[in-house]
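Coordinate analysis (summary)
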Amino acid sequence: MDSRLLLDLKKLLGSDAVLHEPEDLILYEYDGSVEIARPNCVVFPRTKEHILGIVEIANRHKTPIVGRGAGTGLSGGALARRGGILAIFSKMNRILEVDIENQRAIVQPGVVNADLSSAVAHTGLHFAPDPSSQKACTIGGNVSENSGGPHTLAYGVTTNHVLELEMVLPTGELIRIGSSALDSPGYDLPGLFVGSEGTLGLLTEITVKLTRLPESVKTLLAIFDTLDDTTETVVDITARGITPAACEMLDGYTLRAVEAYVHAGFPIDSAAVLLIDVDGVREGVESQAEEVAEICRAHRAREVRVAKDSRERDLLWKGRKNAFGAVGRLSTTYYVQDGVIPRTKLPATLRRITEISEKYGFPIGNIFHAGDGNLHPLILFDARDENQLKRVIAAADEIIQFCIEMGGAITGEHGVGMEKDRLMPLLFSESDLDLMRGVRDAFNPAALLNPEKIFPNAKGCGEIHIRPLPVAGASVA
Amino acid sequence: MTTASKAAPARLHDVVGAEHVSSDPAELSAYAVDGKLPASAVRPGSNEQVVEIVKYAAAEKLALIPSGARTKLNIGSPPLRYDIALDMTRLDRILAYDPGDLTLSVEAGVPLRKVAEALAEHRQFLPLAVPYFDRATVGGTIASGVDTPLRQFYGTARDYVLGMEFVVGEGVQSKSGGNVVKNVTGYDLHKLMIGALGTLGVITRVNFKTFPMLVSSRGFVATFENLDRAIDMRNRVAQSPLTPMTFDLLSPGAAYLFGGPAAERLMKSSMPLNVVSPSRWTLTIGYFGKEAVLARYEAELRHMAAESAAENVTVLGDRILAAAFAYKREFIPIALESSPATTIVKISVLPSRMKESLAVAAKAANTNQIPWAAMARSLGVIFFALLPVERSQASHRQVVATTNQILAAGANLGANTTIPWCPSEWKSALKIWGPERSDLAQMQKVKKVFDPLGIFSPGRFIGGI
């Protein structure tokens, strides 16, 4: 590590805001994915002037810089793939302004997703994107990854809730794009920057829309004896034009793990369940819940339970949101993909995943956003076994390949990061990727900011690092 | 005209066939953009032909302006150069429609009407209820970035366009997004194409999320003696649990427009005129649902209307609502046809500043003695139509003075103020893109990546892009 770089950073931020000892850095070499990459130093900026200063120092020393929120990302987006400075936004966590009347909030990027919703809950508003990691993940991370969550089925993902961004470009300028009022004239730059996985700029301020909480919510748990009945139910709900607020599927394998861990009352002998929220004005919710229950029964649901009160509802959702952690108790390692498919292809895809599970001999748990076709197959394996490692990647690739054959996409919400860059050519031609790279290079010309992410790089092709699981309890979208 | 652009037809014939190239000035006048005619118009019949045309234009540095039904080509600055009109209307196929998945993929030149018919067979629709709905194409609608009354509930195109294909640069076929409802694979480049007025390339294919048709809907119309009371009700509804499908405020002048000769010419069915008043502000709210929901809305809206001292309240049933909705949708075409020099200022503000913005604009228009009418979306988007009685030097001066006053006030109110529609010859004197923006440099970077040669609709966009 270049000591002059460290000196510069310490001078800017104070020495307690700069970590560089190996034992400190080891905490920051991974995120929620299976990837590993160690930064040369970790810094904790507190102001936008700090961000400007860090970028200036990075440029002077020609050192890569990567922004990071809570590190809950699932594709290695916030890892320092080429080393360098990892800038953690946890100290830029102030809610700067809440405008109830106009349903807007201005936040620093390090504000935790759930904290914003809690801060405005008394006004009947919330920040709608709700990744399962929402108690830890930051809004800056949500913006970078265009995060989803169970309730984005009805409310839209992060990009649908972002109005204005202030950021520092890797070239050192502080810019503002978009506007708090709607329809900012010119190109939709926020539309480009949201979901650009931290490759275009380092956020300093985010203006988001706040959404009114629904007057009434009903949570249904539909229990099925076969996977096919479960997936056919989702197809039918979608085809009938019903958009629940959320429609999540948990297969039997995951259910049993979740139940042992959370005790939410999930039936452990079933093939799968659907966890469905309907919301809106009271009068509509009643009839919509009944309609959804009818469809479930028509597809041979063994039972359709309606949560009696908010306590029961919260418990069911706790089970869902902690499912990845629960599965983590069954195996030393899992590998999760988040391919997307057209909803009509759910039954065929789940059957294919079962075949792939059998073919490779890995248990695969499925717990996912069924309502928008966003799969999360969790492949359980032992990373200590080199051979298993190779085979798990082959199995995951086979699932993604199938998603794409079905007309789907590589990632629905976890991002490409450094995990799925090698898969990009399955979906995009070289000229498609070149145009995207051109955009990246226009804003990030020296590749100083979050290098070697999203776009396949011939050098790194095929290599993948797997690390042991985090402790049980980590939650995932 | 450059030599290259004179020679263009022969080369274009090779690409698309002579019958799909026009170079006759009489035919070309249909492609005029702010009075400027291209040297030729070409109508490709395939993606490959689009690519060939762009490659040719790039090689010869000819300027292209893509177009569909040409209903919104007058939005934006006059083009700096215009050699080839790239008419996309032959690319009008529905390429994929999966009603069960509620996804749709179409060629850019397909008319909205045709899409609506295909979706209606499965009781679905696209919430692109934009001005000129009966003629407009998907590509033109997306490129022009116009909004719709339905944005109140469904958002704008950026909320339901899932992916796109486009031809950019020197004839490179490219794409972003996909055809699934949730996707973060790669940059969302297609969002940049929305409202870009064809300055980044030509859109060839658009993928959408579709929506189920409404079982039953109603309209609630309340008239108010003044703006204050109308806004008071707007605020009550906005803070309630109700989630209307449309929610717009109409100024007194809007009733004149809807009852005028232009509306009669343009509209198929007549406006239920008794519900809007030429001397009153009118709040119009569309909502949908099952009977119990409709009843709840009506009861609550009636209560709120009474609290806000509404004068007249009317509830419109399904059929009459459709007619009334069409008037709101076509507010801009009707306004454009209602004066020889209609100038429409679009003012986007935070909802809390809508009242003041409307008051300021009305005062500016009244001071300068220009008749006006306004439609304001509850979300904070105001279309303020100045309707001079004649197109003259005097009315030009009045409009310039009025818009400058609105712009100056808008700057203090944090508004985005633009002038999407006005007479072409007035554009140079009007700040049609509003005040200078600090993010212009970033937009210029984007333009350079997509269109390094500057051949796509040069000069039509913000800041001379």
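Residues numbered from 1 in each chain as written. Chains lettered and ligands numbered in written order. Predicted model: local features only at pLDDT ≥ 70, side-chain atom pairs only at ≥ 80, totals over all residues.

Focus: the overall build of chain A
Just so we agree on the cut-off: Secondary structure is summarised from DSSP: a helix means a run of H or I of at least four residues, a strand means a run of E of at least two, and numbering begins at the N terminus for each. Each radius of gyration is computed over the set of C-alpha atoms, and the globule rule expresses the reference value as 2.2 Å times the number of residues to the power 0.38. Counting other C-beta atoms within 10 Å of a residue's own tells you its class, since 20 or more makes it buried, 12 or fewer makes it exposed, and anything in between is partly exposed; those C-beta atoms are placed from the backbone.
Looking only at helices and strands, chain A has 15 helices and 18 strands in total. Taken over C-alpha atoms, the radius of gyration comes to 22 Å for chain A, in line with the 23 Å a tight globule of 477 residues would show. Projecting the C-alpha coordinates of chain A onto the three principal axes gives extents of approximately 65 × 60 × 40 Å. Counting every position in chain A, which comprises 477 residues, the buried fraction comes to 59%.

Quick word on the sheet that holds strand E1 (residues 18-19) of chain A
Residue and element names in this part refer to chain A. The test is simple: At least two bridges found by DSSP between two strands is the condition for calling them paired.
An order of E1-E2-E4-E3 is seen for the four strands of this open sheet, with the pairing classed as mixed. Whereas interior strands pair on both sides, the edge strands pair on one side only; in this sheet they are E1 and strand E3 (65-68). Sheet topology places E1 next to strand E2 (residues 41-43); two bridges connect them, and they run antiparallel. Bridging across to E2, leucine 19 finds its partner in valine 42.

A short note on the interface of chain B and chain A
This is how it is decided: Contact between residues is assigned whenever the C-beta positions, reconstructed from backbone atoms, fall within 7 Å. We call Asp, Glu, Lys and Arg charged. Ala, Val, Leu, Ile, Met, Phe, Trp, Tyr, Cys and Pro are nonpolar, and the rest, Gly among them, are polar.
The interface is formed by 64 residues belonging to chain B together with 66 residues belonging to chain A. Those elements giving two or more residues to the side of chain B that touches chain A turn out to be helix H7 (157-160), strand E9 (172-177), helix H8 (189-193), helix H12 (291-307), strand E19 (416-421) and helix H17 (440-450) of chain B. With six residues, H17 of chain B is the single largest residue contributor to the side of chain B that touches chain A. Tallied by class, the residues present in the side of chain B that touches chain A amount to 28 nonpolar, 22 polar and 14 charged.

What about the nonpolar core?
Rule in force here: Working definition: the nonpolar core is a set of buried Ala, Val, Leu, Ile, Met, Phe, Trp, Tyr and Cys residues, joined through C-beta atoms within 7 Å.
Grouped together as the largest cluster of nonpolar side chains are 298 residues, with contacts concentrated most on Val273 and Ile379 of chain A together with Ala374 of chain B. The greatest single-element share of this core, amounting to seven residues, is contributed by helix H14 (residues 386-405) of chain A. Excluding residues that lie within four positions of it along the chain, valine 273 of chain A makes contacts with Leu221, Ala222, Ile223, Phe224, Leu250, Leu255 and Phe266 of chain A.

Details of the domain arrangement of chain B
All names here are of chain B. Heads up, the condition is: Just so you know, the domain bounds were taken from an automatic or database domain assignment.
One can read the domain layout of chain B as domain 1 (1-213 + 436-465), domain 2 (217-332) and domain 3 (339-429). Of note, the centres of domain 1 and domain 3, computed from C-alpha atoms alone, are 28 Å apart. Of the residues lining the interface, nine residues belong to domain 1; the matching set on domain 3 comes to eight residues. Of the residues assigned to the side of domain 1 that touches domain 3, the class counts are two nonpolar, four polar and three charged.

Here's the deal with the environment of serine 105 of chain B
Along the polypeptide, serine 105 of chain B turns up in strand E6 (residues 103-107). Setting aside residues up to four positions removed in sequence, serine 105 of chain B forms contacts with Leu95, Ala96, Asn179, Arg205 and Asn207 of chain B.

A few points about H14 of chain A
Residue and element names in this part refer to chain A. Convention followed: Each helix should span, by expectation, one fewer than its residue count multiplied by 1.5 Å. Arc, as used here, means the arc of the directions from the helix axis to the C-beta atoms.
Along its 20 residues, H14 runs 29 Å from first to last C-alpha, staying within 8% of the 28 Å computed at 1.5 Å per residue. By the burial criterion, the buried members of H14 are Val392, Ala395, Ala396, Ile399, Ile400, Phe402 and Cys403. Take H14 and look down its axis: the buried residues cluster within an arc of 160°, on one side only. More than 90 degrees from the buried face of H14, the exposed residues found are Glu386, Asn387, Lys390 and Ala394. Close packing links the buried residues of H14 with strand E16 (333-336), helix H13 (346-360) and strand E18 (377-381). Phi for glycine 407, located one or two positions after H14, is positive at around 95°.

Digging into the sheet that holds strand E10 (residues 202-209) of chain B
Residue and element names in this part refer to chain B. To keep things clear, this is the line we draw: The angle between two axes is taken between their N-to-C directions and runs from 0 to 180 degrees, where each axis is a line fitted to C-alpha atoms and a helix contributes only its stretch in contact.
Taking strand neighbours across the sheet as the criterion, the five strands line up as E5-E6-E10-E8-E9 in an open arrangement whose pairing is antiparallel. The open sheet terminates on both sides in strands that have one partner only, identified here as strand E5 (94-98) and E9. Across the sheet, the mean angle from the axis of one strand to that of its neighbour is 10°, orientation sign disregarded. Docked against the sheet, helix H3 (residues 47-60) engages strand E8 (161-168), E9 and E10, running at close to 140° with respect to E10.

Let's talk about unusual backbone geometry
Of note in this structure, asparagine 450 of chain A is not a glycine but carries a positive phi near 45°. Within the secondary structure, asparagine 450 of chain A is located in the segment after helix H15 (430-443). Overall, the presence of 32 C-beta atoms within 10 Å leaves asparagine 450 of chain A in the buried class. Here arginine 123 of chain B, not a glycine, exhibits a phi torsion of approximately 55°, which is positive. In this fold, arginine 123 of chain B is placed in the loop between helix H4 (112-120) and strand E7 (124-125). Residue classification places arginine 123 of chain B among the partly exposed residues on the basis of 13 C-beta atoms within 10 Å.

A look at the domain arrangement of chain A
By domain assignment, chain A separates into domain 1 (3-88), domain 2 (95-212) and domain 3 (216-321). Relative to domain 3 of chain A, the C-alpha centre of domain 1 of chain A lies at a distance of 42 Å.

Re the environment of glutamate 419 of chain A
All names here are of chain A. Within the secondary structure layout, glutamate 419 lies in the loop between H14 and H15. Look at glutamate 419 and you get buried, because 27 C-beta atoms sit within 10 Å. As a C-alpha pair, glutamate 419 and valine 278 span 141 residues in sequence and 34 Å in three-dimensional space. Non-local contacts of glutamate 419, meaning those with residues more than four positions away in its chain, are made with Ser33, Glu35, Ser75 and Gly76.

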